[in-house]
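Chain residues, written in single-letter form:
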Amino acid sequence: MEETHQQYIPALRFGWLTGLYDPVIRWTMREGLFKRRLVEQVGLQPGHQVLDLGCGTATLTVLLKQHQPQATVVGLDGDPVVLARARKKAAEAGIKISFDEGMAYQLPYPDHSFDRIVASLLLHHLTSDNKRLALAETFRVLKPSGELHIADFGKPHTLLMASVSLVVRWLEEAYEHVKGMVPGLIHDAGFIHVEETGRYTTTFGTLVLIRAVKP
Ligand SMILES: C[S@@+](CC[C@H](N)C(=O)[O-])C[C@H]1O[C@@H](n2cnc3c(N)ncnc32)[C@H](O)[C@@H]1O
């Protein structure tokens, strides 16, 4: 278990590439489109507590807060270099977001803390064991009737996506994604109404949006 915890994959897989994260994701992952759609899907209400898990440079975190300024938005990431960029981005946008350094599989929050948790492009960074632990932690810190919203690689939905996803499939952590197993893992963590709500063609394969509810 200790070995599993030690495995950490930075935003662009290698720490020295972190500075390129924003432009690479913007141009390869149709970021504007899927993040806008994800924000709408999350449906934040005034007073909601929301966690952006694996927030990276906080592009989505900022969009969430701008969409619902009366929600409390928290971003968590395990990489202090990325978090420095996130804090700078939020300050430049003139908005108040709390950022915490921590691991998705060991969340530094009490039970029942959040109404919504969003995880965009995080799960494919985690080993199979850590995906399960992170989903269990997500379940623990969500309030009853709270919702989990995920954007990540999924089962290829066209022949073209099947061929480009060969690159992602090569990554051990993405195996369960391209095999379409992620909804099952979410269900196994205790969530109900697990549904795929959107599919996008990207440079590296099919990106899926998923919604799930804690009973
Ligand atoms: C591909 S980036 C996604 C960033 C952002 N959510 C987005 O959609 O652009 C993945 C992020 O997950 C973070 N990460 C990887 N493993 C993590 C872990 N075990 N706990 C917390 N964050 C982690 C990385 O530092 C990185 O910032």
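Look up: the structure comes first, before these words.
Everything numeric in this text was worked out from a predicted model, so none of it was measured.

Criteria and thresholds
- Residues numbered from 1 in each chain as written.
- Predicted model: local features only at pLDDT ≥ 70, side-chain atom pairs only at ≥ 80, totals over all residues.
- Heavy atoms only, no water.
- Helix = DSSP H or I, 4+ residues; strand = E, 2+ residues; numbered from the N terminus.
- Buried < 20%, exposed > 50% of the residue type's maximum accessible area, 1.4 Å probe, protein only.
- Axes fitted to C-alpha atoms, helices over the stretch in contact; angles between N-to-C directions.
- Parallel < 35°, antiparallel > 145°, perpendicular 65-115°, else oblique.
- Left-handed = near helix turned anticlockwise from the far one by under 90°.
- Contact = heavy atoms within 4.5 Å.
- Nonpolar A, V, L, I, M, F, W, Y, C, P; charged D, E, K, R; others polar.
- Expected span 1.5 Å × (residues − 1).
- Arc of directions from axis to C-beta.
- 1 Å grid on protein atoms, 1.4 Å probe; cavity = no way out; pocket = protein on both sides within 12 Å on 5 of 7 lines; lining within 4 Å.
- Points joined across faces, edges and corners; volume = space filled by probe spheres on them.

What follows concerns unusual backbone geometry. Residues other than glycine predominantly adopt negative phi, and peptide bonds predominantly adopt the trans conformation. Residue L121 is not a glycine yet carries a positive backbone phi of 60 degrees. Examined against the element boundaries, L121 turns out to sit in the loop between β4 (114-120) and α6 (128-141). Looking at L121, the relative accessible area reads 9%, which means it is buried. Backbone geometry places S145, a non-glycine residue, at a positive phi of 70 degrees.

Orientation of helix α3 (residues 31-42) relative to helix α4 (residues 59-67), taken along the N-to-C sense of each, is 45 degrees, at an axis distance of 10 Å. Regarding the angle of α3 to α4, the classification is oblique. Relative to α4, the crossing made by α3 is right-handed. Facing α3, whose interface residues are E31, K35, L38, V39 and V42, α4 presents T59, L60, L63, L64 and H67. Residues belonging to the contact of α3 with α4 are distributed by class as follows: six nonpolar, two polar and two charged.

The first and last C-alpha atoms of α3 sit 16 Å apart over 12 residues, in line with the 16 Å expected at 1.5 Å per residue. Those residues of α3 that fall on the buried side of the exposure criterion are E31, F34, K35, L38, V39, Q41 and V42. Projected down its long axis, α3 carries its buried residues within an arc of 160 degrees, all on one side. Downstream of α3 by one or two residues, G43 has phi in the positive range, about 60 degrees.

A word on empty space enclosed by the protein. A complete count under the given rule lists two cavities of 30 Å³ or more for this structure. Each pocket or cavity is described by its volume, and for the largest cavity that value is around 390 Å³. What lines the largest cavity is a set of 28 residues, among which G54, G56, D77, L121 and L122 lie closest to the centre. When contributions to the lining of the largest cavity are tallied by element, the ones reaching two or more residues are α4 and β2 (72-77). Of the residues belonging to the lining of the largest cavity, the class tally is 16 nonpolar, nine polar and three charged. If you add up the space inside the second largest cavity, you get close to 40 Å³. Every residue lining the second largest cavity is listed: L53, A119, L123, A134, L135, T138, L148 and I150. For the lining of the second largest cavity, the secondary-structure elements that each account for two or more residues are α6 and β5 (142-153). Looking at which element gives the most residues to the lining of the second largest cavity, the answer is α6, with three residues. Across the lining of the second largest cavity, the residue classes tally to seven nonpolar, one polar and no charged.

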